[in-house]
Amino acid sequence: MLTRVFHSACAAISTVTLVTAFQCAQAQTIRWAGHTWKVTSGSMAGVAPGNAANVDFNPDGYLHLQIANREGKWTAAELFTTDNMGFGTYQWVIQGDVYNMDQTTVLGLFTYGPTHHIGADAENEIDVEFSQWNKTCHGCDADFTVYPSTGNRKPNGVSSWEDNFQVSGGNLTTARMEWRHDRVVFTLMNGVHPIGSVADVIKTETYSSNTTNIPQTAAPVGINLWCFKATPSKNQSAVIRDFKFVPF
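Residues numbered from 1 in each chain as written. Predicted model: local features only at pLDDT ≥ 70, side-chain atom pairs only at ≥ 80, totals over all residues. Heavy atoms only, no water.

**Quick look at the layout of surface pockets**
As a volume, the largest pocket reaches approximately 510 Å³. For the largest pocket, the lining is made up of 25 residues, of which E125, D127, E129, Y147 and W226 are closest to its centre. Of all the elements in the fold, those that place two or more residues in the lining of the largest pocket are strand 8 (77-81), strand 10 (105-112), strand 11 (125-131), strand 12 (142-146), strand 13 (161-165) and strand 17 (221-227). Classifying every residue of the lining of the largest pocket by side-chain character gives 11 nonpolar, six polar and eight charged. (1 Å grid on protein atoms, 1.4 Å probe; cavity = no way out; pocket = protein on both sides within 12 Å on 5 of 7 lines; lining within 4 Å. Points joined across faces, edges and corners; volume = space filled by probe spheres on them. Helix = DSSP H or I, 4+ residues; strand = E, 2+ residues; numbered from the N terminus. Nonpolar A, V, L, I, M, F, W, Y, C, P; charged D, E, K, R; others polar.)

Take a look at the structure:
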């Protein structure tokens, strides 16, 4: 069952099903794709704060994220699993044309240890991102990035490795990340594909290194839709149809 946990004005009500029309304070915790996720409210990546109103999965069960302007104030969307996941295959199915979003918009699919105090910022992070990075990445529309393990933060917080690239995809994309102790394999595929199969590949890349440059500690999974350096020209949205994790 899809449930949403309410806080503040709804403290007396522990959970409600999303099929109800009950309205009250925005949710801070959701159950989706077999995991419990904490929704960011306030400070997050980028120039717009997180707002739980921008995260929902009504009415189709897919995860809907927004960057929205409400009464002149821009807010974004972010959520993290409450559990940590380690070496294994991570897979997201994305609906919509994420290759042509507003140039300021970033859709991030990633592991990020510092959310649970596992390492510092710019450590223990592996990213699949879709963005034009406000036209600062010389024509890219997506990237793969790996940050180092705990205690191995690089000067100025730079990554161990990253690739910014331009790729053309359709309205359904399977994004896969296979994390092992000595390498990370990234794959983007057109369409929906089960874990274990590879087809309709539009981009794949393997980063191989050592335990200094590749995170080694289980971490929460994050999903966010945020604003890089500026707010967009109009409201933005992204739909994540599914997320799966299979440990090695």
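Now that the structure has been shown, the text picks up again.
**Focus: the state of the cysteines**
In total, this model carries one disulfide according to the counting rule given. Bridging C137 to C140, the disulfide has an S-S length of 1.8 Å. Across the disulfide from C137 to C140, rotation about the S-S bond amounts to roughly -90°, and the bridge is consequently left-handed. The two residues C137 and C140 agree in class, both being buried. (Disulfide = S-S within 2.5 Å. Buried < 20%, exposed > 50% of the residue type's maximum accessible area, 1.4 Å probe, protein only.)

**Examining the pattern of salt bridges**
Counted according to the given criterion, the structure contains four salt bridges. As a salt-bridge pair, K203 and D163 come within 3.4 Å of each other at their nearest N and O atoms. With K203 in strand 16 (residues 201-208) and D163 in strand 13, this pair connects stretches of sequence that are 40 residues apart. By relative accessible area, D163 is classed as buried at 17%. Note that R183 is salt-bridged to D182, the shortest N-O span being 3.0 Å. By sharing partners, the salt bridges in this structure join D163, K203 and E205 into a single network. (Salt bridge = Lys/Arg side-chain N within 4 Å of Asp/Glu carboxyl O.)

**Some thoughts on the side chain of T111**
Here T111 shows up in strand 10. Not counting chain neighbours up to four residues away, the residues in contact with T111 comprise Y90, N124, E125, I126, M177, W179, A219, P220 and V221. (Contact = heavy atoms within 4.5 Å.)

**A closer look at unusual backbone geometry**
For N124, which is not glycine, the phi torsion reads 50° and is therefore positive. By the element assignment, N124 lies in the loop between strand 10 and strand 11. Its relative accessible area of 1% is what places N124 among the buried residues. The backbone of W133 sits at a positive phi, close to 50°, despite the residue not being glycine. Within the secondary structure, W133 is located in the loop between strand 11 and strand 12.

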